[in-house]
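Descriptive analysis of the structure
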Amino acid sequence: MATMPKSIFWSRTDTAGSEQALLDDRNGLSARGTLLAVDPVPFTARYQVATAADWSASRVEVEAEGTGWMRRVTLERAAGRWRVTTAEQGDLDAALVAAGHHRAGLPGTDDPDRLGDAIDVDLSGSPLFNALPVRRLGLAGTPADMPRRITVAWVLLPGLEVVPAEQIYTGIGPGRVRFASGTFTADIDVDADGYVVRYPGLAERIDPR
């Protein structure tokens, strides 16, 4: 496995958890990372993501694991269509119900054509994946800009259900990007390369001392 020249670490602010991403962004993005969280049940998610040179997503693989269960989903985009494959072991629903939560949806999607308009992939709870549309749309270092409405293939943790979601990204000045989805809005601080520095209500980057 190739070594990666960059590393970014975030601490979650919405729950106990963290994320580390190892990445190479010299020609699009190639990254792998680990995300840990205690809600809704304790789990570890490991992902790999690859984009084209224009930062449009081409392949994403996510594996989530907790006590007594494991799920995996892979999304691959070719010729404008997504192929989605899944694997599952154990019983995530039993763990969720025991913790007082609703059952998860099935991993993946029963109709990949619903994702046809998605150019980006978003992994819930992961600040790394915000960099894909920020870089693809060139929002990191620009002055205030027009809202950009996009459709993403949204991978929900921990169950790994994949759904289409409409999101709006707006550059609001150098290093600031406004994110909106449904009734949710957040003004995100990003660095010159488009990576999240501070995402209110979700995560903050922790740099080495």
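Throughout, a residue's number is its position along its own chain's written sequence, starting from 1. Restriction of local features to residues with pLDDT of at least 70 applies here, the model being predicted, together with a cutoff of 80 or more for giving and counting side-chain atom pairs; totals for whole chains, interfaces and linings are based on all residues. Heavy atoms from the whole structure form the basis of all side-chain values; hydrogens and water molecules are not counted.

**Side note on the overall build of the protein chain**
The test is simple: Each helix is a run of DSSP H or I of at least 4 residues and each strand a run of E of at least 2, with the numbering of both proceeding from the N terminus. Burial classification: accessible surface area is computed with a 1.4 Å probe over protein chains only, and a residue below 20% of its type maximum counts as buried, one above 50% as exposed, and the rest as partly exposed. Accessible surface is estimated by sampling points in the Shrake-Rupley manner with a 1.4 Å probe; for residues, cover comes only from the protein chains shown.
When you go through the protein chain residue by residue, the secondary structure sums to 2 helices and 14 strands. Along the longest, intermediate and shortest principal axes, the C-alpha atoms of the protein chain span 50 × 45 × 40 Å. Counting every position in the protein chain, which comprises 209 residues, the buried fraction comes to 45%. Only carbon and sulfur atoms are counted for the fraction: they give 49% of the accessible area of the protein chain, which is about 10100 Å².

**Regarding the side chain of Ser-56**
For clarity, the threshold we go by: What qualifies as a polar contact is a pair of N or O atoms within 3.5 Å, subject to a donor-acceptor requirement within protein and to the restriction that residues adjacent in sequence count only when both atoms come from side chains. Contact between two residues is taken to exist if any of their heavy atoms lie within 4.5 Å; hydrogens are not considered.
You can see Ser-56 is positioned in the loop between strand E4 (43-51) and strand E5 (57-66). Among the polar contacts listed, one links the side chain of Ser-56 to the side chain of Asp-54, at a separation of 2.7 Å. In contact with Ser-56, other than residues within four places in its own chain, are Thr-51, Ile-119 and Arg-136.

**What to know about the layout of surface pockets**
This is how the line gets drawn: Cavities and pockets are found on a 1 Å grid laid over the protein atoms alone: a cavity is a set of points where a 1.4 Å probe fits but cannot escape, a pocket is an open set with protein on both sides within 12 Å along at least five of seven lines, and a lining residue has an atom within 4 Å of such a point. Grid points are joined across faces, edges and corners, and a volume is the space filled by probe spheres set on the points. When residues are grouped by polarity, Ala, Val, Leu, Ile, Met, Phe, Trp, Tyr, Cys and Pro land in nonpolar, Asp, Glu, Lys and Arg in charged, and all others, Gly among them, in polar.
There is about 420 Å³ of room inside the largest pocket. As for the largest pocket, its lining consists of 24 residues, of which Leu-123, Ser-124, Gly-125, Trp-154 and Leu-202 are closest to the centre. Going through the elements one at a time, strand E8 (120-123), strand E9 (148-156), strand E10 (161-171) and strand E11 (176-181) are the ones with two or more residues in the lining of the largest pocket. A class-by-class count of the residues in the lining of the largest pocket yields 13 nonpolar, 7 polar and 4 charged.

**Structural notes on the pairing of E4**
Rules: Whether two strands pair depends on DSSP finding at least two bridges between them.
When strand E3 (residues 30-37) meets E4, the two strands line up antiparallel, connected through 8 bridges. Within the sheet, the bridge partner assigned to Arg-32 lies in E4 and is Gln-48. Linking two consecutive strands that pair antiparallel, namely E3 and E4, is a turn of 5 residues. In textbook terms, the turn of a hairpin is the stretch between consecutive antiparallel strands, and for E4 and E5 this stretch comprises 5 residues, one of which, Trp-55, has a positive phi near 75°.

**Considering the packing of aromatic side chains**
Heads up, the rule is: Two rings from Phe, Tyr or Trp (for Trp, the six-membered ring) form a pair when their centres are within 6.5 Å of each other. A pair whose planes differ by under 30 degrees is stacked, one over 60 is edge-to-face, and the rest are tilted.
All chains considered together, the criterion is met by 5 aromatic pairs. Considering the side-chain rings of Tyr-169 and Phe-179, the 5.3 Å spacing of their centres and the 70° angle between planes classify their relative orientation as edge-to-face. A residue pair is termed long-range when its members are at least 10 positions apart, and Tyr-169 in strand E10 and Phe-179 in strand E11 qualify at 10 residues. Judged by relative accessible area, Tyr-169 falls into the buried class, the value being 1%. Following the ring pairs from residue to residue traces out a cluster consisting of Tyr-169, Phe-179, Phe-184 and Tyr-199.

**Considering the side chain of Arg-12**
Inspection of the secondary structure puts Arg-12 in strand E1 (residues 6-12). Of the residues examined, Arg-12 reaches a relative accessible area of 14% and is grouped as buried. A polar side-chain atom of Arg-12 sits 2.7 Å from a polar atom in the side chain of Asp-14. The residues contacting Arg-12, other than those within four sequence positions of it, are Gly-17, Ser-18, Leu-35, Ala-37, Gly-125, Leu-202 and Ala-203.

**What to know about the nonpolar core**
Quick reminder of the rule: In plain words, nonpolar cores are sets of buried Ala, Val, Leu, Ile, Met, Phe, Trp, Tyr and Cys residues tied together by side-chain atoms within 4.5 Å.
Ranked by internal contacts, the top residues of the largest apolar core, which has 56 residues, are Leu-75, Leu-128 and Leu-157. Those residues in contact with Leu-75, other than ones at most four positions away along the chain, are Ser-58, Arg-59, Val-60, Trp-82, Arg-83, Val-84, Leu-115, Ala-153, Val-155 and Val-162.

**Considerations on the pattern of salt bridges**
Here is the rule: A pairing counts as a salt bridge when a side-chain nitrogen of Lys or Arg comes within 4 Å of a carboxyl oxygen of Asp or Glu.
Tallied over the full model, the rule gives 20 salt bridges. One salt bridge connects Arg-149 with Glu-166, and the closest N-O pair in it is separated by 2.8 Å. Here Arg-149, found in strand E9, pairs with Glu-166, found in strand E10; they are 17 residues apart in sequence, far enough to count as distant. On the basis of relative accessible area, Glu-166 is assigned to the partly exposed category, the value being 46%. The shortest N-O distance in the salt bridge between Asp-189 and Arg-176 comes to 2.6 Å. Note that Asp-189 is positioned in strand E12 (residues 184-190) and Arg-176 in strand E11, a separation of 13 residues in sequence. Salt bridges sharing common partners tie together Arg-46, Glu-63, Glu-65 and Arg-72.

These results come straight from atomic positions and should not be treated as a statement about function.
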